[in-house]
Amino acid sequence: MTDPAPLAPARKAARGSDAGTRDSTWRLCRDLSPLLRLLILTQLAFNIGFYAVLPFLAAHLGSAIGMAGWLVGFVLGLRTFSQQGLFLVGGWLVDRFGVRPVVLAGCVLRIAGFVWLGYARAPGAVIGAVLVIGFAAALFSPAVESEVARQAVVWEEGGHGPRTRVLALFSVAGQVGAFAGPLLGALLLAVDFRTACLAGAAVFVLVLAGHLWLMPQHIPGRVRVRRRGGARALLRNRRFLALCCAYGTYLLAYNQLYLALPDEVQRAAGSQAPLSWLFALSSVLVVFTQLPVTRWAGDRLDLRRSMTAGLLLIASGFAVVAAARPAGWTGTAGLLPAAGFVILLTVGQMLVVPAARAWVPDLAEEGRLGLYMGALSSVSGLIVLAGSAATGSLLDLGLPAAVPWLVLAAVPALAVPLLPRRAKEAGAAG
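Keep in mind it's a predicted model, so treat the numbers as computed, not measured.

A word on the overall build of the protein. Per the secondary structure count, the protein includes 19 helices and 0 strands. Counting over 430 residues, the protein shows a buried share of 53%. Look at the contacts in the protein between residues 6 or more apart in sequence, and 84% of them connect residues 24 or more apart. Of the roughly 18,100 Å² of accessible surface on the protein, 68% is carried by carbon and sulfur atoms.

This brings us to the environment of Asn47. Position of Asn47 relative to the elements: it lies in helix H3 (residues 34-51). Residues Asn47 and Pro182, 135 residues apart in the sequence, show an inter-C-alpha distance of 9.6 Å. Ignoring sequence-local partners within four residues, the contact set of Asn47 consists of Gly174, Gln175, Gly177, Ala178 and Gly181. A distance of 2.7 Å separates a polar atom in the side chain of Asn47 from the backbone oxygen of Gly174.

Turning to the packing of aromatic side chains, a few remarks are in order. Taken as a whole and judged by the stated rule, the model has 11 aromatic pairs. Seen from their ring centres, Phe318 and Trp405 are 5.8 Å apart, and the 45 degrees between their planes marks the pair as tilted. Of this pair, Phe318 sits in helix H15 (residues 303-324) while Trp405 sits in helix H18 (residues 403-415), and the two are 87 residues apart along the sequence. On the basis of relative accessibility, which here comes to 0%, the residue Phe318 falls in the buried class.

In this section: empty space enclosed by the protein. Applying the stated criterion across every chain, the model contains 3 cavities of 30 Å³ or more. By volume, the largest cavity is sized at about 130 Å³. What lines the largest cavity is a set of 16 residues, and nearest its centre among them are Thr164, Ala297, Gly298, Leu303 and Ser306. Broken down by secondary-structure element, the contributors of at least two residues to the lining of the largest cavity are helix H9 (163-188), helix H14 (275-300), H15 and helix H16 (331-363).

A surface patch of nonpolar side chains, about 250 Å² in accessible area, is lined by Val115, Tyr119 and Leu198. Looking at where Leu198 falls in the secondary structure, it is placed in helix H10 (residues 193-214). When its relative accessible area of 35% is taken as the criterion, Leu198 is described as partly exposed.

Moving on: the nonpolar core. Note on soluble globular proteins: their nonpolar side chains tend to be buried together. Within the largest apolar cluster, 111 residues are counted, with the highest numbers of intra-cluster contacts made by Leu117, Phe240, Leu261 and Phe341. For Leu261, the residues in contact, after removing those within four places along its chain, are Gln256, Leu275, Leu278, Phe279, Ala338, Phe341, Val342 and Trp405. Counting residues in hydrophobic clusters, the runner-up holds 6 residues, among them Val293, Ala297, Leu301 and Met350.

Turning to the pattern of salt bridges, a few remarks are in order. A complete count under the given rule lists 8 salt bridges for this structure. A salt bridge links Glu156 to Arg163; the shortest N-O distance between them is 3.0 Å. The class for Glu156 is buried, based on a relative accessible area of 8%. For Arg163, a relative accessible area of 2% corresponds to the buried category. Between Arg267 and Glu264 there is a salt bridge, with its nearest N and O atoms 3.0 Å apart. Remark: Glu264 and Arg267 occur in helix H13 (residues 260-269); sequence separation between them is 3 residues, near one turn of the helix. Judged by its relative accessible area of 2%, Glu264 is buried. It is possible to trace a salt-bridge network through shared partners that takes in Glu156, Arg163 and Asp362.

Definitions and limits used
Residues numbered from 1 in each chain as written. Predicted model: local features only at pLDDT ≥ 70, side-chain atom pairs only at ≥ 80, totals over all residues. Heavy atoms only, no water. Helix = DSSP H or I, 4+ residues; strand = E, 2+ residues; numbered from the N terminus. Buried < 20%, exposed > 50% of the residue type's maximum accessible area, 1.4 Å probe, protein only. Contact = heavy atoms within 4.5 Å. Areas by Shrake-Rupley, 256 points an atom, 1.4 Å probe, with all protein chains shown as cover. Polar contact = N/O pair within 3.5 Å; in protein donor to acceptor, adjacent residues only side chain to side chain. Phe/Tyr/Trp six-rings, centres within 6.5 Å; stacked < 30°, edge-to-face > 60°. 1 Å grid on protein atoms, 1.4 Å probe; cavity = no way out; pocket = protein on both sides within 12 Å on 5 of 7 lines; lining within 4 Å. Points joined across faces, edges and corners; volume = space filled by probe spheres on them. Patch = residues over 30% accessible without salt bridge, like charges linked within 9 Å, V, L, I, M, F, W, Y side chains within 5 Å. Salt bridge = Lys/Arg side-chain N within 4 Å of Asp/Glu carboxyl O. Core = buried A, V, L, I, M, F, W, Y, C linked by side-chain atoms within 4.5 Å.

Here it is as structure tokens:
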């Protein structure tokens, strides 16, 4: 595989010859292959179906079923583990059997899981349904993400522009789905939770039908790997593991939207009501500015520099809150640092995520892209699991107000030296 840095001149040449094509999202979508359009629409549908149900699961388990708080947390943790923790398995299956069968199997399991969850009343049945729902995502997400990344490289090599633009559009589609899904779920909850679950299942029925009809049996250029040894080679791939660690610090920072930010909003406003507006601000920024930000970065930065800029922006977001905490502002003024944190975190995310996903094909072993895309999520998820526990303890220690935010600012900043070096630098060091 080639390093992304040598591709920069080719990307610049493509940009110069195809400037008109990049002027609008519509033209970008028009230039995509039918397979890429299918996969991006799949991501949109996945998130609509998922977020129509899962944001309301905790309330359903606690109020309708009467589960204890610890059991609700356990069930939600199981869902995360069965999804993120098993991405490696899903990625290996993609490399072994191909994209189409793994996506179809994931859709069937997600349909079964949502229907089961809608009718489940006993704790054992709920746990079983949640595990099926999580494992379904561990199947289809690595399949879709790895093929989008591979097709983005093909798109770039065809002279259409940097691969990060395709991956940015993929992120936008997911964010639109994450924004629309809860709105759909809230409307359906006016009937009951079961109706929301069945509607989520119906979305995946449509996805299943679409892939049965449109997904090719064999994707040109995709080779199924029969030999073993992929995991051992992955664990020896220090450059890829370094990328996973750096990406994991971004995910840990993003997780503070649900851990550190609510505490800050509660302190400043006296309630967590403004939190929903801050989440909406993040979603709107991604939907409307992801593609312009990616275009700007593609014109000026290679993948390493894009991730570096993103991680430093995320660190500066934490630093903004740390600088303002000693003043003890409350009310509207007190929420301004939190809003600054959300904006900087989101802009950093828009630089980091497409670049990280675009980098994986350059670091992956030939024919193992599914495994490596799955590992990016699984390894990063383990970092978030350990880091979130440490962050929770940090926030509870009673330290001076600015200290936890300064520590959190240091984490993504210290991850910058971990990023893989360019091919020439790595060869000299080796």
